[in-house]
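Structure assessment
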Amino acid sequence: MEQTIEEIYEEAVRDIDAAADEGRIQELAVIYLGRKGKVTRYLRNISQLPAQQRPEAGKRANQVKQALNQTFRDAEERLGSAASTDERLDVSLPGRIPARGRLHPVTQINQEICDIFVRLGFDIAEGPEVEKDWYNFEALNFPKEHPARDMQDTFFISDDIVLRTHTSPLQIRIMEKQAPPVRVIAPGKVYRCDSDLTHTPMFHQVEGLLVDRNVTFGNLKGILTTFVHQMFDEQTSLRFRPSFFPFTEPSAEVDILCVMCRGSGCRVCSSTGWLEVLGSGMVHPAVFENVGYDSTQYTGFAFGMGVERIAMLKYGIDDIRRFFENDYRFLAQF
Amino acid sequence: MIVSLSWLRDYVPIEWDTDRLANALTMIGLEVDSVTDRYDHLKQVRVGRIASVRPHPNADKLKICEVAVGDETLSVVCGAPNVTEGMLSPVALPGTQFADGTVLEKSTIRGEISEGMLCSEIELGLGADRSGIMNLGSGHPLGASIKDALGLSDAVIEVDLTPNRPDCLSLIGIAREVAAIQNAPLTYPEIPPDASDGNIGELTSVIIEDPDHCPRYTAKLVLDITVGPSPFWLQDRLMSVGLRPINNIVDVTNFVMMETGQPLHAFDYDLLADNRIVVRTAKEGEPFVSLDGKEHRLSGDMLMICDGEKPVGIAGIMGGLNSEINDRTTRVLIESAYFNPVSIRRTAKTLGMGTDASHRFERGVDPAGTMRANERSARLIAELGGGNIAGGAIDANPIPYQGGRILFSVGKTNRVLGTNLNRDAMADILKSIEFSIETIDDDVLGVVAPTFRVDVSRPEDLMEEIARLSGYNNIPETTPLIPAEGRPLAMTLRFREKLRELMVGFGFSEAIAYSFAARRSGDMLNLPKDDPRRRTLAILNPLTEDQAVMRTSLIPGLLDALGRNIARQNRTVRLFEVGKIFISRGRNELPEEIEMVAGLWFGSRQDGSWLAEEAPCDFYDMKGVVESLLAGFNVPRAEFTAMPDSACNYTRSGHSAEILIDGEVIGIVGEVSSGVLASFDLEQPAFIFEIDCHQLMNRTPTEIQARPLPKFPATARDITLIVDRNLESVRILDNIRNTEETLVESVHLFDVFEGDPIPQGKKSLSFRITYRSSSQTLEDEQVNRIHRDISEKLIQSFKAELPG
């Protein structure tokens, strides 16, 4: 046996202290602890020692092996951490961006509208987009050949079937199915044959209907004022203006103070200072008669609004056709 | 309806300024669209002094005038006989728009430049004198606009009337509302009674053959008139509301229509065969030429005004060329009738004609106002045309008007409106617009609406009158009491919301396309003849050919959107849409409306960055989205099977799969076929999926039962098999999953390899099987044995080999 285990240990510690980098440490680890390394060889040769020396020598050699292992680990860490200062990250580099989609602005506004009414205790209902004349017009007190039908440019499938021009047919469908009280909103697509900067042949509406005992026009004003204040802001002024819808009497348009110019007059409000955002009114007794509700017992109000219109005001969009081009650069903004 | 304030003042004093008046009208339901000054066009017409006049070198009748307009002097060619040096006259500068709409331009007249135009009264719409240029007299500053110099101003209000208010299609109608809100008196025009005895019955007769179409027809005759231009006051009234003066007879009928709302028509009495009127429906196919020179083919339900032989007018819409007032007319028959609104509307629509008259008749004129309007017209025609009114009038009235009394409860009105108005206040409001009131008791009023208020028939109609005239904005806002009985949101809504959230989470943006499609969209998608999506619902009056039918697939809308995005240089497009498709059940049935979700992926899987190179997306990207979507809904077991080539209509053969749940096809995923790409003008690959929402929703578990987490560790073993290239990997996966060995927890395919050293026609598949027991930590020995068993069975079942 040439070297004692103590000599091997001291030599190893000297070498490790002198090592300049991680690579040298790894070489030394092979030299001392590898399969043909000095410590390994020493351990293998213990069998050649006299029998009474073997246990002590084996125990000592294993202690050295463990100690060296730890020394190597410490050395690696010491030299490694010095290197890591050179590997600092440029945290200003862009991260890996997970792909992210956007909900269509009409969907977002629609959800916002629905959420407000759901919080006020309304249900949500839906119905067909292709509708019978009865539901779209007749039952809503638009007689055949009545000029009121001119208020809505209608797409016809046949004499008796149309693309619904408003979500109001849901009023009839709901009341046919359900006894009062009714508190429901009905969002959905509607169709009118018209196309320009402010009209597309398809757009979205949200209809509302509340029928119960003792419902008043004052209630209608209260609910719609609450809605406008939540949708826009608490400071938004409203005005209720007499209008005409065959299925409501009295009927009211709801204007809000122009969100662009705050009432001083601009292009968006055609210099009037006001923007029409809702149509509404007390349910016409003829409509109650058509669905078999007792109009001496129940009163109600109905309202409807255009979702794109509100989205245009909220987001400052000046061309309604943008909503249906599905241009990524547009959709990505919302 | 256009109203000039100068005319309106004939019936009601106007105390308010125009803005206040316009706002007040809007707030009682007569929405004012615009307020303009009808003399604004005269701002560019200046006061000029004719400094010198010399003859035009190339024209005997023309002169060249130097006109001083303040700072500058203009050279103006003029042909008026009365042009004299020193005279003050209006000179229009280039750009001036005249009352008839023409715009003055700088011009060269017979070789001489004219920098403006000296104008006559009639050219400026300021009078009837056409004999020469207007003499402004003295005392006007040179260069001032004549609008200022003459103090010309008249507000013109355009009211956007709702169809329920035909009574306001007249000056008196608007004046009545103004009188009510200003609390001012309304003055009706005076009509002195006819002096002569009634001999009209000897001169003409009226027979109504279709009383349902024509409940009332009145006629009056004016004899010995001379047709000519109207006096200026009448022309001015008409021009103030945008009507063009024609002659003294026609102008009177238009004037009275605007005044009262009752359309009238004047016939040349001597052109009427037998000098009489027959009101009847047309003979099928009968030809007729209306006043505008257009020829019509009539149908049997159209109401015509006829003489003893032939039609002379389309009732309520337009007169005929054959009985038109002309220069030689000396005797005039004036018609003032009440026609059935539905009849007039139907005819006007069928013939594609809309006139001031039909607009009023369709909405309903005052059924009791016919005779009064006729008397007013006859009186004016006689005055202006220098004629005599034949005594008396014909009043054929087979169906007399019957007004009803409405019982109106003050208490109920307050309950519906949420107001607290007393009986007298309500009665005063109704009286202010000419309703007659009778007190029944403390609560109930008997109300008779005036005949011109054709829109009022129920107590609710009166409630609106009360509300609008007392002011909608004076009604207090209150909140209804809503009981706390919250109902669950409909499942479809929750499903759709989650669907959208998931898709957005996968990086897809939501598209909304029109529900319309081109008629040939079935061909563009290469659908077979018997595909249900060929059963399109056609729109009778589409806006464009591209929107002629309702869509039967969401795919064309997404491909259109893709095309637009590529054109706008958006190179990666991930879009989805949730919306309905429409399958026709025949034109007279409502179609089947099926809600679908579809997605489209085009371009790269990931954008290039400093971290990774850009990589194009492929089938497995799209399939992964679908798998993740189904997992998001906790669908327990979905399958994807190769779509048979024969079913690949718009997706690429061998690159398309059907999506199945419980053995039912709920949708497809695949690459768009090159043929279909081409028909949408696209080239590069695009990947799509579409799923029937209802089918998916019905297979989505509604309840989730949590499983306990495992207590003991799992052990994994890998296996690589070399199998036939065409073997679907899912068969091996299913085989492992379905093994009877209960310790198999899951299996995962982690590598697929083809090519050297794997023999041609083969592929290697590597799986990792995870084993776990719920009751103990598995021993290596045990796992090895099970894994060996499974491996052997797989080798046997799939004629597989182990790698060498």
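Residues numbered from 1 in each chain as written. Chains lettered and ligands numbered in written order. Predicted model: local features only at pLDDT ≥ 70, side-chain atom pairs only at ≥ 80, totals over all residues. Heavy atoms only, no water.

A few words now on helix H13 (residues 423–432) of chain B. All names here are of chain B. Residues Met-426, Ala-427, Ile-429 and Leu-430 constitute the buried set of H13. Angular distribution of buried residues about the axis of H13 spans 160°; they occupy a single face of the element. On its buried face, H13 is in contact with strand E23 (405–409), helix H12 (410–417), strand E24 (436–439), strand E25 (444–448) and helix H14 (459–470). For H13, the side-chain oxygen to backbone nitrogen distance between the N-cap and Asp-424 is 3.2 Å, and the N-cap itself is Asn-422. (Buried < 20%, exposed > 50% of the residue type's maximum accessible area, 1.4 Å probe, protein only. Helix = DSSP H or I, 4+ residues; strand = E, 2+ residues; numbered from the N terminus. Arc of directions from axis to C-beta. Contact = heavy atoms within 4.5 Å. Polar contact = N/O pair within 3.5 Å; in protein donor to acceptor, adjacent residues only side chain to side chain.)

Moving on, we come to the sheet that holds strand E4 (residues 182–191) of chain A. Residues and elements named next belong to chain A. Here seven strands make up an open sheet; going across it, the order is E1-E4-E5-E9-E8-E7-E6 and the pairing mixed. In the strand order of this sheet, the two ends are held by strand E1 (123–124) and strand E6 (238–245), each with one partner. With eight bridges joining them, strand E7 (residues 248–257) and strand E8 (residues 274–283) adopt antiparallel strand pairing. Residue pairing in the sheet places Ala-252 in a bridge with Ser-280 of E8. (Pairing = 2+ DSSP bridges.)

Residue and element names in this part refer to chain B. Here H12 has its buried residues at Val-410, Thr-413, Asn-414, Val-416 and Leu-417. With its buried residues spanning 165° around the axis, H12 presents them on a single face. The residue sitting at the N-terminus of H12 and contributing the capping side-chain oxygen is Ser-409; that oxygen lies 3.3 Å from the backbone nitrogen of Gly-411. Once H12 ends, the next one or two residues include Gly-418, with phi positive near 80°.

Quick look at the interface of chain B and chain A now. At the interface, 89 residues of chain B touch 88 residues of chain A. Between chain B and chain A lies a buried interface of about 7400 Å² when both sides are counted; carbon and sulfur atoms form 57% of it. The interface formed by chain B and chain A holds eight salt bridges in total. Here the side of chain B that touches chain A is composed, by residue class, of 38 nonpolar, 22 polar and 29 charged. (Buried area = accessible area lost by both parts, 1.4 Å probe. Salt bridge = Lys/Arg side-chain N within 4 Å of Asp/Glu carboxyl O. Nonpolar A, V, L, I, M, F, W, Y, C, P; charged D, E, K, R; others polar.)

Here Val13(A) is to be found in helix H1 (residues 5–18). A sequence separation of 203 residues divides Val13(A) from Thr216(A), and the C-alpha atoms of the two residues are 95 Å apart.

On to the nonpolar core, then. Ranked by internal contacts, the top residues of the largest apolar core, which has 172 residues, are Ile113(A), Phe227(A) and Leu8(B). In this view, Phe227(A) contacts Ile113(A), Ile116(A), Phe117(A), Leu278(A), Met305(A) and Ile310(A); residues no more than four positions away in its chain are not counted. Listed in part, the 41 residues of the second largest apolar core include Leu272(B), Ile277(B), Ile317(B) and Ala357(B). (Core = buried A, V, L, I, M, F, W, Y, C linked by side-chain atoms within 4.5 Å.)

Leaving glycine out, the prevailing phi sign among residues is negative, and the prevailing peptide bond configuration is trans. Residue and element names in this part refer to chain A. Residue Pro-180 is joined to Pro-181 through a cis peptide bond whose omega torsion reads 5°. Mapped onto the elements of the fold, Pro-181 is located in the loop between helix H7 (169–177) and E4. Backbone geometry places Glu-145, a non-glycine residue, at a positive phi of 60°. Topologically, Glu-145 is positioned in the loop between helix H6 (133–136) and strand E3 (161–163). One non-glycine residue, Ser-271, adopts positive backbone phi at about 65°. As for its placement among the helices and strands, Ser-271 is situated in the loop between E7 and E8. Judged by relative accessible area, which is 57%, Ser-271 ranks as exposed.

Our next topic: the sheet that holds strand E39 (residues 762–771) of chain B. All names here are of chain B. Reading across the sheet, the three strands line up as E37-E39-E38 and stay open at both edges, with antiparallel pairing between neighbours. This sheet does not close on itself; its edge strands, each paired only once, are strand E37 (715–724) and strand E38 (744–753). Going across the sheet, the axis of each strand differs from the next one's by a mean of 25°, ignoring polarity. In this structure, E37 lies alongside E39, joined through 10 bridges in antiparallel fashion. Following the sheet pairing, Ile-722 is matched in E39 by Ser-764. Taken strand by strand, helix H22 (residues 780–797) contacts E37, E38 and E39, and its axis lies near 15° from that of E37. (Axes fitted to C-alpha atoms, helices over the stretch in contact; angles between N-to-C directions.)

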